[in-house]
Amino acid sequence: MPNLAFKIIYVAALVVEMAIRAPLNKQRKQIKVTSNRVNRQEAILLGLLFLGNFLLPLLYIFSPWLNFANYTLPPWAGWLGAAFVLGALIVFWRAHVDLGRNWSPTLQILDGHKLITQGIYGMIRHPMYASQWLWVLAQPLLIQNWIAGLAGALFYLPMYFIRVPVEERMMLEQFGDEYRDYMRRVGRVLPRLR
Ligand code: SAH
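As the structure is a computational prediction, the values presented were derived from the model and not from experiment.

Student: What am I meant to see in the site of the ligand here?
Tutor: The environment of the ligand is made up of 19 residues, and the closest members are Gln 108, Ile 116, Tyr 121, His 126 and Glu 167. Between Gln 108 and the ligand, the recorded distance is 2.8 Å, taken from a backbone N or O atom to an oxygen atom. A distance of 3.4 Å separates an oxygen atom of the ligand from a polar backbone atom of Pro 127. Across the complex, the protein chains shield 99% of the 540 Å² of accessible surface that the ligand would expose by itself. When each cavity is represented as a set of grid points, the ligand is found to reside in the largest pocket. Partitioned by chemical class, the residues of the shell around the ligand number twelve nonpolar, five polar and two charged.

Below, the structure written as structure tokens:
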């Protein structure tokens, strides 16, 4: 079966992401939310992300329904995708360690929320979103299908370009000059070269 290894790598990476999130998801239930920006737009953006990263790739991997749209890349391309996805997982993991109890899957300010500017957040302001960029670049290399491979990037674009400004506005309202200063010092998803 062609590309079986890459399909296995994709599923394994999804499992690792869920394992990284699981402890924080559990901890979250005990923390009060002080400000919530979860509206319909935010729900739609998250839904699209779920469709593009999860549902369509799993449909491609576990059913024959999307096979009409398959393509085949040379093996090196699949391995390049595997390297990207590994990079995505490392960044994702570091970001969760450093953000800790301040993490939430949606846009929220939590009880006792602290601005984190240390660790990987000292290099870039949005490591989780950077990790997602690496992931959606890897996706069409691992998921060799015009629909399920490209859906990740396609559905991530609105999430990234709509959500980041809303999130940064929320952080500015909450942390004021502290966040303004942080924005001046630290790049969004790429480290700033000095
Ligand atoms: N944008 C970040 C975090 C995504 S999780 C990243 O890509 O890594 C989303 C939540 O993280 C938001 O609800 C926001 O309150 C919180 N958040 C984002 N940046 C933060 C920071 N530097 N310190 C503390 N909390 C932050």
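Student: Even after reading the chapter, I still don't get a nonpolar patch on the surface, so can you show me in this structure?
Tutor: Taken together, Phe 68, Trp 146, Ile 147 and Leu 150 make up a surface patch of nonpolar side chains, about 450 Å² in accessible area. Relative to the helices and strands, Ile 147 is located in the loop between α4 (127-142) and α5 (151-175). Taking the relative accessible area as the measure of exposure, Ile 147 reaches 32% and is therefore partly exposed.

Student: Teacher, can you tell me more about the nonpolar core here?
Tutor: As a rule of thumb, nonpolar side chains are buried together in soluble globular proteins. In this structure, Tyr 10, Tyr 121, Tyr 129, Trp 135, Leu 142, Tyr 156 and Met 171 are the most contacted members of the largest nonpolar core, which totals 47 residues. Looking at this core, the elements that each hand over two or more residues are α1 (4-28), α2 (40-62), α3 (75-99), α4, α5 and α6 (177-185). Tallying contributions element by element places α5 first for this core, with eight residues. What Tyr 156 contacts, discounting residues up to four positions off in sequence, is Leu 49, Tyr 129, Gln 132, Trp 133 and Val 136.

Student: I would appreciate a short explanation of the layout of surface pockets in the present structure.
Tutor: Within this model, the largest pocket holds a volume of roughly 1000 Å³. Around the largest pocket, the lining comprises 39 residues; the ones closest to its centre are Arg 21, Phe 92, Trp 103, Pro 105 and Met 128. Listed by contribution, the elements that provide at least two residues to the lining of the largest pocket are α1, α2, α3, α4, α5 and α6. Per element, the largest residue contribution to the lining of the largest pocket is six residues, and it comes from α5.

Student: Would you mind going over the environment of Tyr 60 with me for this structure?
Tutor: Take Tyr 60: it is sitting in helix α2. Look at Tyr 60 and you get buried, because its relative accessible area is 3%. For the pair Tyr 60 and Lys 32, spaced 28 residues apart in sequence, the C-alpha separation works out to 39 Å. With residues up to four places along the chain from it excluded, the contact list for Tyr 60 reads Asn 3, Lys 7, Leu 66, Asn 70, Ile 143, Gln 144, Asn 145 and Ala 148. Among the polar contacts made by the side chain of Tyr 60, one reaches the main-chain amide nitrogen of Gln 144 at a distance of 3.5 Å.

Student: What is the right way to read α2 from this model?
Tutor: One turn of an α-helix holds 3.6 residues; hence residues three or four places apart share an orientation. Between its first and last C-alpha atoms α2 spans 31 Å; for 23 residues at 1.5 Å apiece the expected length is 33 Å, and the two agree. Along α2, the largest kink reaches about 40° and is centred on Leu 51. Here α2 has its buried residues at Glu 42, Leu 45, Leu 49, Gly 52, Asn 53, Leu 56, Pro 57, Tyr 60 and Ile 61. Check the buried side of α2 and you find it contacts α1, α4 and α5. Near the N-terminus of α2, the side chain that reaches the backbone nitrogen of Gln 41, with its oxygen 3.3 Å away, is that of Asn 39.

Cut-offs and rules
- Residues numbered from 1 in each chain as written.
- Predicted model: local features only at pLDDT ≥ 70, side-chain atom pairs only at ≥ 80, totals over all residues.
- Heavy atoms only, no water.
- Near = heavy atom within 4 Å.
- Polar contact = N/O pair within 3.5 Å; in protein donor to acceptor, adjacent residues only side chain to side chain.
- Areas by Shrake-Rupley, 256 points an atom, 1.4 Å probe, with all protein chains shown as cover.
- 1 Å grid on protein atoms, 1.4 Å probe; cavity = no way out; pocket = protein on both sides within 12 Å on 5 of 7 lines; lining within 4 Å.
- Sits in = over half its atoms within 2 Å of the grid points.
- Nonpolar A, V, L, I, M, F, W, Y, C, P; charged D, E, K, R; others polar.
- Patch = residues over 30% accessible without salt bridge, like charges linked within 9 Å, V, L, I, M, F, W, Y side chains within 5 Å.
- Salt bridge = Lys/Arg side-chain N within 4 Å of Asp/Glu carboxyl O.
- Helix = DSSP H or I, 4+ residues; strand = E, 2+ residues; numbered from the N terminus.
- Buried < 20%, exposed > 50% of the residue type's maximum accessible area, 1.4 Å probe, protein only.
- Core = buried A, V, L, I, M, F, W, Y, C linked by side-chain atoms within 4.5 Å.
- Contact = heavy atoms within 4.5 Å.
- Points joined across faces, edges and corners; volume = space filled by probe spheres on them.
- Expected span 1.5 Å × (residues − 1).
- Bend = angle between axes of the 7 residues up to and from the residue.

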